Amino acid sequence: MNTQATQKILLLAANPIGSQNLRLGEEMREIEEGLKRSRNRELYSIATAQAVRYRDIRRAILEHEPQIIHFSGHGAGEEGLVFEDETGAAKLVDAQALAGLFQLFSGQVECVVLNACYSQVQAEAIAQHIPCVIGMNKAIGDRAAIEFAVGFYDALGAKKSYEFAYKLGCNAIRMAGIPEQDIPTLLKTAQIEPMSAKAQSPQRTSSGVSTTQFDVFLAHNTQDKPEVRAIALALKQRNIKSWIDEEQIPPGRFFQEEIQKAISSVKSAAIFIGLQGIGKWQNWELKAFISQCVEKKIPVIPVLLPGVNNLPEDLIFLKELSWVIFSNGIDDENALDLLEWGITEKKPKNREKLEQEQRPARIPTQELITSISDLSPEQRERLQQERNLLHILTQSLNTCSNDNELHLYKTTINTALRRCNPQGSDRSWQQQLQDLSNHPAPIGWETEGKLVYFVMMLAWMKDTPTSTLEELKAWVELWEYSGHKYKYSDLFVRIDDEMRQKKISPSNECECVMVAVEQVETSTDQLRVSLWAVPNRETYKRHNPPMPLVLEEVLSRQELPAFVRKKIRDKLRKEPTPTIHLFVPRMFFGDNFEMLPSSRVGAVLGNEYPLVVRTNLKIHPIGWYYYDDWHEKWQQIEEAFENNICDVAKFIDCSLPEKDLIPELATTDAVVLKNCDSVGSWFDLIAEETALPVALWSRDPLFQDQLARVLDDCIVKNLPDRIHQERKTAHKSTIKSVLGHHLSLVWEDPKIVPPNMQFDSEMC
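Keep in mind it's a predicted model, so treat the numbers as computed, not measured. (Residues numbered from 1 in each chain as written. Predicted model: local features only at pLDDT ≥ 70, side-chain atom pairs only at ≥ 80, totals over all residues. Heavy atoms only, no water.)

A word on the overall build of the protein
Within the protein, the secondary structure is distributed over 26 helices and 22 strands. Across the 764 residues of the protein, 52% fall into the buried class. With an accessible surface of roughly 35,800 Å², the protein has 48% of that area assigned to carbon and sulfur atoms. (Helix = DSSP H or I, 4+ residues; strand = E, 2+ residues; numbered from the N terminus. Buried < 20%, exposed > 50% of the residue type's maximum accessible area, 1.4 Å probe, protein only. Areas by Shrake-Rupley, 256 points an atom, 1.4 Å probe, with all protein chains shown as cover.)

Notes on the environment of L711
Residue position: L711 is located in helix 25 (residues 707-711). Here L711 falls in the buried class, since its relative accessible area comes to 10%. For the pair L711 and L696, spaced 15 residues apart in sequence, the C-alpha separation works out to 9.8 Å.

Topic: the pattern of salt bridges
Working definition: two side chains of opposite charge can pair if their charged atoms are close together. For the structure on display, the rule yields 21 salt bridges. R528 is the partner of E521 in a salt bridge, and the nearest nitrogen-oxygen pair spans 3.3 Å. Salt bridges sharing partners connect three or more residues here, namely E518, E521, R528 and K618. (Salt bridge = Lys/Arg side-chain N within 4 Å of Asp/Glu carboxyl O.)

Description of the pairing of strand 9 (residues 216-219)
The alternating pattern of strand 9 places V216 and L218 on one face and F217 and A219 on the opposite face, and all of these are buried. When strand 9 meets strand 10 (residues 242-243), the two strands line up parallel, connected through 2 bridges. If you follow V216 over to strand 10, its bridge partner there is S242. What joins strand 9 to strand 10 is helix 7 (residues 225-237), and the crossover it makes is right-handed. (Pairing = 2+ DSSP bridges. Right-handed = clockwise from strand over helix to strand, strands pointing away.)

Thoughts on unusual backbone geometry
Here Y118, not a glycine, exhibits a phi torsion of approximately 55 degrees, which is positive. Structurally, the position occupied by Y118 is in the loop between strand 6 (111-116) and helix 4 (120-126).

Examining the environment of L408
With respect to the helices and strands, the residue L408 is situated in helix 15 (residues 403-420). Of the residues examined, L408 reaches a relative accessible area of 13% and is grouped as buried. Taking C-alpha positions, L408 is 8.0 Å from K574, a pair spaced 166 residues apart along the chain.

Quick word on helix 12 (residues 333-344)
The terminal C-alpha atoms of helix 12, which comprises 12 residues, lie 16 Å apart, in line with the 16 Å expected from a rise of 1.5 Å per residue. Burial of helix 12 is extensive: 10 of the 12 residues sit out of reach of the surface. By the burial criterion, the buried members of helix 12 are N334, A335, L336, D337, L338, L339, E340, W341, G342 and I343. Against strand 9, helix 7, strand 12 (300-304), strand 13 (324-325) and helix 16 (429-438) lie the buried residues of helix 12. Its side-chain oxygen at 3.1 Å from the backbone nitrogen of N334, D332 defines the N-terminal cap of helix 12. At the exit of helix 12 stands E345, carrying a positive phi of roughly 65 degrees. (Expected span 1.5 Å × (residues − 1). Contact = heavy atoms within 4.5 Å. Polar contact = N/O pair within 3.5 Å; in protein donor to acceptor, adjacent residues only side chain to side chain.)

What follows is the structure, given as structure tokens:
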């Protein structure tokens, strides 16, 4: 009987929409059939995943725990390997990201094969952590890639070494008469043979429970199983081994006895508290652990699941410990970092922000009591303020009667935090309250402090529930600040006066969203994106703008629509629907950003929001000469707004010579473009001579004659909404392509300009 462990091979393939079609299915089929024919076929099991998205990589490794990983698809050299995003479009993953992923699985994975063009860059990065890696030093043809793969796995099926298998794969290319045998490159950092370095399977006791050492015991209510299972999976990705009952207790065993045996094999315990409270068995686990914590010095980590904001009153013991709270959902990265820190006693790499956090977990020893007593009375009071306020915020979410009210209140809190702590948008509420407590207060609020300023800002805002206002009032009037007590009503008058003077709206309504886009210099696909929400067009001042929702985030062109949609949904009210002003380089004027998928269910930005194209003035600056011309023409358009003039635009034939076009455009405010092959270049040409505030065109000449129908009885100010309706109709249409799929509208409103796009005084 062969007692060798089965070696798992994971075959991954990606051929995104728009990329050259590869014979990936044939390659995977040939590998599987070759191993099935081998005399040692029982030593291998194969798992496959096709149309692999970038996040599917880690999920497949976690699920199948392979020793060999084989990727088939496209490579782009320094830019990365090509996987798919949620829409099936290309998503590049660079070498460092892949190296970081494989570092996490370095104790499991022995060999990685990157059967993709120009993948040697990624292979070299991965080889820092994996003993054997194969990449391609240049483009490799379909036939050569398949021949190499078949030869490589034929050798493994005969129990040959990785190096021998590599050489046989190269020889297979040459035997097929293909002059590409020198393209595969072997990077070997250790002498390792297949099946030769396998760890023994965990030994089991007579009861069937593994005696393997675990990093953390996960005690939880059965009703919280989905959330705890997700956290266990996230910890596994961080190389943290969790004891969870469904994976460790075989059928037919007494639950309590098995848990008692498990206690001796764990290094720490996480006690999960969800909305359903402590379960019957979890209560038993907790008591069993507490009885041994002091004796064995096992750290205990209270973990509050989403929707729970404080520990139950009967768990006095846990109240002395620093806990982890998943305040931003089950995938809260900061909470996971804190949990990892509590389990391993090591701060996660690249998480310097945790320097400001108190490490969760620890049993109540004299050391813990001493560390708490080291805090000054003022520090203790401030810490208690932060915790009480966080409790008010999170508990008040539970009072919302429906999803819409919940969304409004969450966005209100986020807006108040953004106004008071503009650099903290990527941090949890708990962290931001700590920031506010430690940062200098605004002018005029030095005595009260920035935390009080935030509370009064939140109380002043329109969508804060009435019940929460009472709790905020009690919070404000409970504490003394520098020996003074303040009346909530006095502070409310002050914040109201200040906000009115600054012309800040008490609601989280948004009339338009400015999205500034520029291309990353080192990439043809990557964009640098910033977002601002403008509550009211008339009161917006670009010299005193609102804090950005996003500042210079880097993402791909395909990711932009989904990214903008998510930020609007997360940060703003549902009504009114904002108009998106998309500021792009003119070379993007002919692109279809508004019709790219923005969600998994097929939504597009142009279907959900009015969207107009704008000139990115950082890339195409204009001087005051044309700035004045621009304003003069826009004033004429606004007069048309007031007078409800229907004759909105002149039809312009872009194929005419420049000398014939410029005189007419010099006196024109709005146009419909005909015969415009290169929109960006045409606008560059026009911008050198005159301003053109409004322009409408179809990106497909086949629909040019239908533009007159769109303009019929349409007044100027309604043009963005009219185009929006056409896009909605197109999105719902069963016909593959109609006019709304191809409409673009330039709408150069000079009142709505991002703060980082100033006019160039030297270009007068």
